[in-house]
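Spelled out, the chains give:
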Amino acid sequence: MAEKHKNRRTLIGGQALMEGVMMRGRTAMAMAVRDDSGDIRLETVRLKGARWYNKVPLLRGVVAFVASLVTGVDTLMKSAEVSTPDEEMPGKGAMTFAVILGVLLAVGLFILLPSGVTWIFERFCGLENILAVSLIEGLVRLAIFITYLLLVSRMRDIRRTFMYHGAEHRTINCYEKGLDMTVENVQKCSTRHNRCGTTFLFFVMVVSIVVFALTNWAFSYLGGWSSNVFVRIGLRLALLPFVAGLSYELLRGLALLPDNAITFILRAPGLALQRLTTYPPEDEMAEVALKSFLAVLEMDQNEAVQTVTFDRIPYAALREGIKKRLPDYAEDCETDWIICEVTGLNRAALSGMRSVSVKVRDRAYEIARRRCEGEPLDYITGHSYFYGLKLEVGRGVLIPRPETELLAERVIEECKKRAEEGSGVSVLDLCTGSGCIALAIAQNTAASVTASDVSDEALAYARKNLGQKATVVRSDMFASVEGKFDIIVCNPPYIAESALSSLSEEVRREPRIALDGGADGLDFYRRLAAQAPDMLKDGGALFMEIGFDQGESVPALFGGGEVLKDYAGHDRIVIVRKQ
């Protein structure tokens with residue numbers, strides 16, 4: 001069970017990003033963003049230690065204000081790069097222009113416009129009271145701010161960002177309440193928090209009323225200069241860092257004070273304003289915020305934790321992502337094979353993997369997508385593994401099956417046994433397909449191997465796979481095959497015609513010629529029974545793969561035969577020997 005704590009204090013704060021959350025702690029910062037593939041990608045950074053100015057009141061607030069602006073813009077742009085598909089992502093030039101335009105808009109809305117409005121009151125309404133002028137300016141600024149938030153919150157993307165803002169607050173509240181850090185517990189917590197940037201902006205507006213009123217009073221002794229609107233705007237801009245520093249100290253002090261009636265009253269306006277900038281998040285959003293928070297918490301508690309970057313994702317996340325994208329009928333091992341394909345590693349090496357690049361992940365997800373559309377994995381990758389051998393396969397050739405390895409193994413044992421008796425061994429692999437059985441025999445014995453098939457597409461793959469290891473012949477069963485053989489091995493089409501339509505979509509993508517065994521699935525066995533004896537040497541043997549329900553019908557065609565079961569306990573091999 002997870003360890004429980006009570007009333008944990010933390011100075012971890014955060015910021016909502018595009019489809020993500022940034023958390024910043026004492027020694028580290030983390031950004032967690034959900035990308036267009038649905039994965040949560042994480043980037044962490046080690047922060048520099050505290051500087052001398054971090055202990056100086058007011059100055060530390062100014063530095064924090066400027067740093068938060070720079071960091072906020074940088075993290076927001078990074079999150080946009082991760083969360084937005086490349087084809088929809090604007091260029092860096094456009095993003096930079098948008099940021100500059102946003103800053104100019106903020107200055108215009110919250111500095112120039114309120115100052116202009118109060119100047120109109122002074123000029124045309126004869127308003128001279130310094131406190132009244134400052135109060136009007138502050139109220140206009142607050143009204144613009146609230147109106148702005150109400151309008152932008154109706155935009156879908158902004159509203160989602162505000163939902164991530166809510167997820168950030170809920171996650172921090174969950175930790176500070178001493179709850180186990182789970183999505184379920186996070187979703188039980190409040191979307192409002194005492195250290196929120198929205199509250200900070202409210203304090204900025206309140207503090208600015210006082211500070212600007214005092215400056216107006218002081219500059220009133222300068223005569224005409226004090227009424228000049230441009231001078232007034234310049235003063236506002238110059239005093240903005242001081243206002244920010246003072247507001248920071250107020251926010252920080254209120255957050256550290258114990259809860260009581262006074263602090264409740266002071267915090268209430270800011271918390272109320274947060275209703276416009278935080279919305280209840282979805283569970284997936286809470287999951288993102290939780291990942292970012294836990295990453296920072298771990299790095300704050302352990303200096304040995306290594307940083308990670310957006311261009312890599314955890315191996316566990318890769319496996320989970322592939323599994324989600326594979327069809328229900330896919331075998332569990334397919335996840336491993338896909339990872340092996342995109343990483344170039346063998347299966348035994350996967351246990352040591354910790355992360356993969358995003359490019360590798362994208363290739364894996366593309367394979368999983370095609371699998372979900374019913375395309376066989378071997379066709380997607382272009383190869384199969386059979387009896388420890390790698391073979392080329394593709395559309396037009398039957399994909400080697402694991403149960404066929406048992407047939408190859410029995411033939412290899414027979415070849416070795418005959419070789420020990422001092423005679424050369426000749427083998428015919430009938431209906432060779434990709435050449436998998438012929439290659440397994442040629443690689444593991446000294447037998448002379450001939451492989452035949454009627455399909456030109458299949459023969460093209462058989463020639464690539466076999467090379468000089470076997471003789472490849474185009475033949476409709478025995479029609480073009482010359483000579484006699486010690487062993488004939490055949491994995492013929494054995495599915496009844498009526499059963500073809502009930503096969504899975506991926507099997508139906510394989511060549512029908514390699515599957516269709518006629519009305520009852522026995523057409524090719526009848527041809528083997530009629531022609532194979534003449535192609536076998538005295539004492540020769542015929543090895544055949546059969547369907548799981550053909551253990552009686554196939555031997556009956558030959559007047560008997562040895563039936564072997566596969567590893568699942570099904571009848572799978574029939575051996576007939578020529579006396």
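Residues numbered from 1 in each chain as written. Predicted model: local features only at pLDDT ≥ 70, side-chain atom pairs only at ≥ 80, totals over all residues. Heavy atoms only, no water.

Draft legend 1. Representation of the pairing of strand E9 (residues 426–430) within the structure. For E9, the tally of buried residues reaches five of five residues, placing the bulk of the element in the interior. The side-chain alternation of E9 yields two buried faces, one formed by Ser426, Leu428 and Leu430 and the other by Val427 and Asp429. In the sheet, E9 pairs with strand E10 (residues 448–453) via five bridges, with the strands oriented parallel. Residue pairing in the sheet places Val427 in a bridge with Val449 of E10. (Buried < 20%, exposed > 50% of the residue type's maximum accessible area, 1.4 Å probe, protein only. Helix = DSSP H or I, 4+ residues; strand = E, 2+ residues; numbered from the N terminus. Pairing = 2+ DSSP bridges.)

Draft legend 2. Region of interest: the sheet that holds strand E12 (residues 485–490). Taken together, seven strands build an open sheet; the order of strands is E11-E10-E9-E12-E13-E15-E14 and the sheet is mixed. In the strand order of this sheet, the two ends are held by strand E11 (471–474) and strand E14 (562–565), each with one partner. Neighbouring strand axes in the sheet, compared pairwise and without regard to direction, differ in orientation by 20 degrees on average. Strands E9, E12, strand E13 (536–545), E14 and strand E15 (571–577) of the sheet are contacted by helix H14 (residues 402–420), whose axis makes an angle of about 160 degrees with E13. Packing of helix H18 (residues 523–535) onto the sheet brings it into contact with E9, E12 and E13, and relative to E13 it is tilted by some 155 degrees. (Axes fitted to C-alpha atoms, helices over the stretch in contact; angles between N-to-C directions. Contact = heavy atoms within 4.5 Å.)

Draft legend 3. Representation of the packing of aromatic side chains. Applying the stated criterion across every chain, the model contains four aromatic pairs. Centre to centre, the rings of Tyr175 and Phe293 are 5.2 Å apart; their planes meet at 55 degrees, and the pair counts as tilted. Residue Tyr175 is located in helix H4 (residues 156–176), and its partner Phe293 is located in helix H9 (residues 283–301); the two are separated by 118 residues in the primary sequence. The same class applies to Tyr175 as to Phe293, namely buried. Here the aromatic rings of Trp337 and Tyr385 are separated by 6.1 Å at their centres, their planes lie at 20 degrees, and the arrangement is stacked. Note that Trp337 is positioned in helix H11 (residues 333–343) and Tyr385 in strand E7 (residues 383–386), a separation of 48 residues in sequence. One Lys or Arg, Arg325, reaches over the ring of Tyr365 and ends 3.8 Å from the middle of that ring. The ring of Trp337 has Arg347 sitting right over it, with the charged end atom 4.9 Å from the ring centre. (Phe/Tyr/Trp six-rings, centres within 6.5 Å; stacked < 30°, edge-to-face > 60°. Lys NZ or Arg CZ within 6 Å of the ring centre and 35° of its normal.)

Draft legend 4. A look at the packing of H14 against helix H15 (residues 436–444). It is the contact of H14 with H15, at a shortest axis distance of 9 Å, that shows an interaxial angle of 35 degrees. Crossing of H14 over H15 shows right-handed handedness. Residues Thr404, Leu407, Ala408, Val411, Ile412, Cys415 and Lys416 of H14 lie in contact with H15, whose contacting residues are Ile437, Ala440, Ile441 and Asn444. Residues that form the contact of H14 with H15 fall into these classes: eight nonpolar, two polar and one charged. (Left-handed = near helix turned anticlockwise from the far one by under 90°. Nonpolar A, V, L, I, M, F, W, Y, C, P; charged D, E, K, R; others polar.)

Draft legend 5. Spotlight on the environment of Gly382. As for its position among the elements, Gly382 is in the loop between helix H13 (377–381) and E7. Taking relative accessible area as the criterion, Gly382 reaches 23% and is therefore assigned partly exposed. Once the C-alpha coordinates of Gly382 and Arg395 are considered, the two residues, 13 residues apart in sequence, prove to be 9.1 Å apart. Sequence-distant contacts of Gly382, that is, excluding residues within four places in its chain, are made with Leu391, Glu392 and Val393.

Draft legend 6. View of helix H10 (residues 315–325). The complete set of buried residues in H10 reads Tyr315, Leu318, Gly321 and Ile322. Seen end-on, H10 carries its buried residues on one side only, within an arc spanning 120 degrees. Turned more than 90 degrees off the buried face of H10, the exposed positions are Ala316 and Lys324. Among the structural elements, strand E5 (312–314), H11, strand E6 (355–357) and helix H12 (358–372) are those in contact with the buried residues of H10. (Arc of directions from axis to C-beta.)

Draft legend 7. Looking closely at the pairing of E11. Pairing of E10 with E11 involves four bridges; the strand directions are parallel. Among the inter-strand pairings, Ala451 is bridged to a residue of E11, identified as Val472. A crossover connection joins E10 to the parallel E11 through helix H16 (residues 456–466); in handedness this β-α-β unit is right-handed. (Right-handed = clockwise from strand over helix to strand, strands pointing away.)

Draft legend 8. Spatial organisation of the sheet that holds strand E4 (residues 40–46). One open sheet accounts for four strands, arranged E1-E2-E3-E4; its pairing is antiparallel. Strands with a single pairing partner mark the edges of an open sheet, and in this sheet they are strand E1 (13–17) and E4. With strand direction ignored, the average angle separating the axes of adjacent strands in the sheet is 15 degrees. Summarising the sheet, strand E3 (residues 28–34) and E4 pair through seven bridges and their orientation is antiparallel. Across the sheet, residue Ala28 finds its bridge partner in E4, namely Arg46.

Draft legend 9. Summary view of the pattern of salt bridges. Applying the stated rule across the entire model yields 35 salt bridges. With its nearest N and O atoms 2.8 Å apart, the salt bridge here joins Arg474 to Asp456. One end of the pair, Arg474, is in strand E11; the other, Asp456, is in helix H16, and 18 residues separate them in sequence. Connected via shared salt-bridge partners are Asp35, Asp39, Arg41, Arg361 and Asp362. (Salt bridge = Lys/Arg side-chain N within 4 Å of Asp/Glu carboxyl O.)

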